Amino acid sequence: MRSFIISVIVVVALTMTPDKAIGGGLSTQLGEAVIENLQIGQSYNLKQLANLSLVVTNTSDFPVDLLMEPLLPAESELKMEASDIPDKSWISFSEDQFKLGPGEKASSDIIITIPRDESHLGKKYQVMIWSHTLGTGGGGMNLAYGLKSRIIFTIDTTMAGEDYKPPVSNASAGFTVSPKEIFLQGVETGKIYDVAEYTGQILEITNPGDCDRTFILESRTVENSLAMITEGFEDAPNASYLKFSENEFTIPSGEKKSVSVYLDFPSEEKFSGRNYVFVIYAHTADEGVTGGVYSRLYASIK
Amino acid sequence: MEKLKLSIYAGTLFFLALVFFTSVGQAANPATINVTVTIQNLSVTATGPIAFGTVTASSATVASDSSHVVNDGNVTETYSLNLTNPGGWTAVQAAPAAEQYCLSAMFNATLPDTADYAYTDHALSTTPTPCSGSKFAGDQTGLSVATSGIRYLWFKFEAPSSTVVTTEQTIVVTVTAAAG
């Protein structure tokens with residue numbers, strides 16, 4: 001009799017059979033950001049520093065409650081030889097709770113506050129910003145969705161003078177470079193490839209800001225960048241093998257620009273059968289703070 | 001001679017001042033701040049909810065439907081999984097006692113057997129735990145999933161050995177994506 005009662009109770013608790021499965025999700029343009037040379041004893045709002053906000057879109061067909069919170073990275077999530085942020089309280093948000101309808105976006109400033117403690121000079125820290133839905137009631141097992149944005153920051157090796165104030169800049173790290181990844185298969189050495197012609201993918205930089213902005217485009221090796229090597233690929237042997245039709249240009253507010261990309265591997269046997277990654281680095285110019293965005297080009301040599 | 005001594009003394013003071021200035025690490029011109037977004041467009045989609053049907057105390061049930069988890073971003077992603085406890089029960093990573101339960105998750109192409117789940121590798125906790133080659137792995141993993149990659153996530157529920165909970169309970173499992 002006792003086991004029957006237990007069975008009934010558990011049955012009551014979990015027999016809610018949900019309606020048919022539906023897909024839900026989240027997306028963000030901030031997967032990983034690296035901020036270099038912050039000062040101890042200062043507070044930095046990334047929106048004011050470089051027009052960089054955490055914007056998360058509800059890609060579900062239903063409304064969600066969204067929460068943003070800092071998380072210490074798991075050991076496997078630490079990158080670039082960074083250490084855990086010493087205290088999650090260093091990170092705060094202008095707003096951290098949202099109710100989002102289908103397709104709606106949540107936007108929050110990320111604020112990094114570093115205590116005035118000289119033991120942090122020259123250190124590199126990492127924190128994960130966890131944006132996640134809260135799920136719903138209704139019985140049974142429900143799915144919620146989350147994104148972890150990786151924030152890595154370095155602290156200057158020297159301390160600024162007493163009169164130092166965090167810079168407020170129009171530099172934008174909020175512009176976009178697309179596509180984020182370009183793949184070229186069967187590349188022959190000794191030939192110049194027009195990437196758009198070969199892959200159909202055109203490199204575009206979009207300036208969503210409210211003023212005209214000058215950008216610089218550079219090819220970099222992984223070693224000479226803040227990027228990490230992608231599994232199955234090795235670092236480009238020479239960044240100069242990737243070239244652009246223009247390296248510096250101004251894009252009016254709200255407009256985009258297409259740039260031709262050329263790949264030119266010299267005719268050398270040593271490249272044969274290998275897979276390389278190049279980093280395409282677009283960044284602002286002539287501004288107090290440099291705002292930059294990465295894209296990547298992968299080349300598999302025949 | 002006295003003047004020379006004085007100038008050496010003054011010079012020493014100036015030198016000491018410089019040493020002191022450097023030792024406290026103060027710089028008149030701090031390094032330029034660079035902000036670089038190294039990865040853009042992180043996105044994940046998963047289907048749910050998951051039905052377990054009727055379960056009884058001390059039983060183990062593998063749901064017959066999976067959640068389809070899709071990397072619809074533009075970069076390789078690794079997933080993390082965690083759960084949120086319902087009010088009356090606590091998740092454990094072992095055989096559950098009274099008022100405890102164990103919810104396990106596995107990436108697998110097809111419906112796993114109940115015995116395929118191991119507490120060490122598959123039991124969920126409230127901490128978002130990244131997938132690895134073994135964590136939450138079956139014949140698929142949630143590690144380094146390529147753009148547009150689809151994974152099938154299956155769940156096993158082990159009910160409390162006994163419970164006084166009489167109200168409806170909801171367990172929320174969160175699928176989180178990070179670049180890498």
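Residues numbered from 1 in each chain as written. Chains lettered and ligands numbered in written order. Predicted model: local features only at pLDDT ≥ 70, side-chain atom pairs only at ≥ 80, totals over all residues. Heavy atoms only, no water.

### Some remarks on the overall build of chain B
And step 1. Along its length, chain B carries two helices and 11 strands.
And step 2. When the elements of chain B are put in sequence order from the N terminus, they spell out α-β-β-β-β-β-β-β-β-α-β-β-β.
And step 3. In chain B, which comprises 180 residues, the proportion classed as buried is 49%.
And step 4. The contacts of chain B with a sequence gap of at least 6 include a subset with a gap of at least 24, amounting to 75%.
And step 5. Split by element, the accessible area of chain B, about 7,700 Å² in all, is 60% carbon and sulfur. (Helix = DSSP H or I, 4+ residues; strand = E, 2+ residues; numbered from the N terminus. Buried < 20%, exposed > 50% of the residue type's maximum accessible area, 1.4 Å probe, protein only. Contact = heavy atoms within 4.5 Å. Areas by Shrake-Rupley, 256 points an atom, 1.4 Å probe, with all protein chains shown as cover.)

### With respect to the confidence of the model for chain A
In low-pLDDT regions, the fine details of the predicted coordinates are not to be read closely.
And step 1. With 90% of its residues at a pLDDT of 70 or more, chain A has an overall mean of 89.
And step 2. Below a pLDDT of 50 lies the segment residues 1-19 of chain A, which in the model reaches 36 contacts outside its immediate sequence neighbourhood of four places, other chains included. (pLDDT = per-residue confidence, 0-100.)

### Here we look at the domain arrangement of chain A
Residues and elements named next belong to chain A.
And step 1. With domains assigned, chain A is organised as domain 1 (5-155) and domain 2 (176-301).
And step 2. Distance from the C-alpha centre of domain 1 to the C-alpha centre of domain 2: 29 Å.
And step 3. The largest contributions to the domain 1 side of the interface with domain 2 come from Gln29, Leu49 and Met80, which together make up 47% of the buried area.
And step 4. For the interface between domain 1 and domain 2, the tally reads zero salt bridges. (Domains from an automatic or database assignment. Buried area = accessible area lost by both parts, 1.4 Å probe. Salt bridge = Lys/Arg side-chain N within 4 Å of Asp/Glu carboxyl O.)

### What about the nonpolar core?
And step 1. Counting 108 residues, the largest nonpolar core has Ile35, Ile151, Phe153, Leu263 and Leu297 of chain A together with Leu103 and Phe155 of chain B as the members making the most contacts within it.
And step 2. Residue contributions to this core peak at seven residues, all from strand β12 (residues 140-155) of chain A.
And step 3. When residues are assigned to domains, this core turns out to be shared by domain 1 (5-155) and domain 2 (176-301) of chain A, each giving three or more.
And step 4. Residue contacts for Ile151 of chain A: discarding those within four places in its chain leaves Leu30, Ala33, Ile35, Ile110, Ile112, Tyr125, Gln126, Val127 and Ile129 of chain A. (Core = buried A, V, L, I, M, F, W, Y, C linked by side-chain atoms within 4.5 Å.)

### Things to note about the confidence of the model for chain B
Residue and element names in this part refer to chain B.
And step 1. On average, chain B scores 85 in pLDDT, and the residues at 70 or more come to 84%.
And step 2. Counting interchain partners and residues more than four positions distant, the pLDDT-below-50 stretch residues 1-25 has five contacts.
And step 3. The complex prediction reports pTM at 0.83, with the ipTM value standing at 0.84.

### Focus: the sheet that holds strand β14 (residues 176-178) of chain A
All names here are of chain A.
And step 1. Pairing within the open sheet is antiparallel, and its three strands lie in the order β14-β17-β22. Since the sheet does not close on itself, it has two edges, and those belong to β14 and β22 (256-259), each with one partner. On average, each strand axis in the sheet is tilted by 20 degrees relative to the strand beside it, whichever way the strands run.
And step 2. Relative to β22, strand β17 (residues 203-206) runs antiparallel, the two being bridged by four bridges. (Pairing = 2+ DSSP bridges. Axes fitted to C-alpha atoms, helices over the stretch in contact; angles between N-to-C directions.)

### Description of the environment of Glu168 of chain B
Residues and elements named next belong to chain B.
And step 1. Within the secondary structure, Glu168 sits in the loop between β10 (150-158) and β11 (170-179).
And step 2. With relative accessibility at 43%, the residue Glu168 sits in the partly exposed group.
And step 3. Residues Glu168 and Pro86 lie 82 residues apart in sequence; the distance between their C-alpha atoms is 9.2 Å.

### Points about the interface of chain B and chain A
And step 1. Contacts between the two partners involve 64 residues from chain B, matched on the other side by 88 residues from chain A.
And step 2. Across the interface of chain B and chain A, roughly 6,100 Å² is buried in total on both sides, 58% from carbon and sulfur atoms.
And step 3. A per-residue breakdown of the area chain B buries against chain A is headed by Ile33, Val35 and Gln40 of chain B, which together make up 13% of the total.
And step 4. The tally of links from chain B across to chain A stands at zero salt bridges.
And step 5. Joining chain B to chain A, the criterion identifies 31 residue pairs in polar contact (both at pLDDT 80 or more).
And step 6. If you list the elements that add at least two residues to the side of chain B that touches chain A, you get β1 (26-27), β2 (34-39), β3 (42-48), β6 (77-84), β10 and β11 of chain B.
And step 7. At 10 residues, β11 of chain B tops the list of elements feeding residues into the side of chain B that touches chain A.
And step 8. Class assignment for the residues of the side of chain B that touches chain A results in 33 nonpolar, 30 polar and one charged.
And step 9. Bridge count between strand β1 (residues 22-28) of chain A and β3 of chain B: seven bridges; the pairing is antiparallel. (Polar contact = N/O pair within 3.5 Å; in protein donor to acceptor, adjacent residues only side chain to side chain. Nonpolar A, V, L, I, M, F, W, Y, C, P; charged D, E, K, R; others polar.)

### Details of the side chain of Ser80 of chain B
And step 1. Relative to the helices and strands, Ser80 of chain B is located in strand β6.
And step 2. Judged by its relative accessible area of 1%, Ser80 of chain B is buried.
And step 3. Looking at Ser80 of chain B, its side chain comes within polar contact range of the side chain of Lys148 of chain A, at 2.9 Å.
And step 4. Non-local contacts of Ser80 of chain B, meaning those with residues more than four positions away in its chain, are made with Glu77 and Lys148 of chain A together with Pro128, Thr129, Pro130, Thr174, Val175 and Thr176 of chain B.

### Digging into the sheet that holds strand β10 (residues 110-113) of chain A
Residues and elements named next belong to chain A.
And step 1. Spatially, β3-β10-β7 is the arrangement adopted by the three strands of the open sheet, whose pairing is antiparallel. The open sheet has two edge strands with one neighbour each: β3 (43-45) and β7 (91-93). With strand direction ignored, the average angle separating the axes of adjacent strands in the sheet is 25 degrees.
And step 2. The sheet contact formed by β3 and β10 spans three bridges and is antiparallel. Considered in β10, the bridge of Asn45 is made with Ile111.

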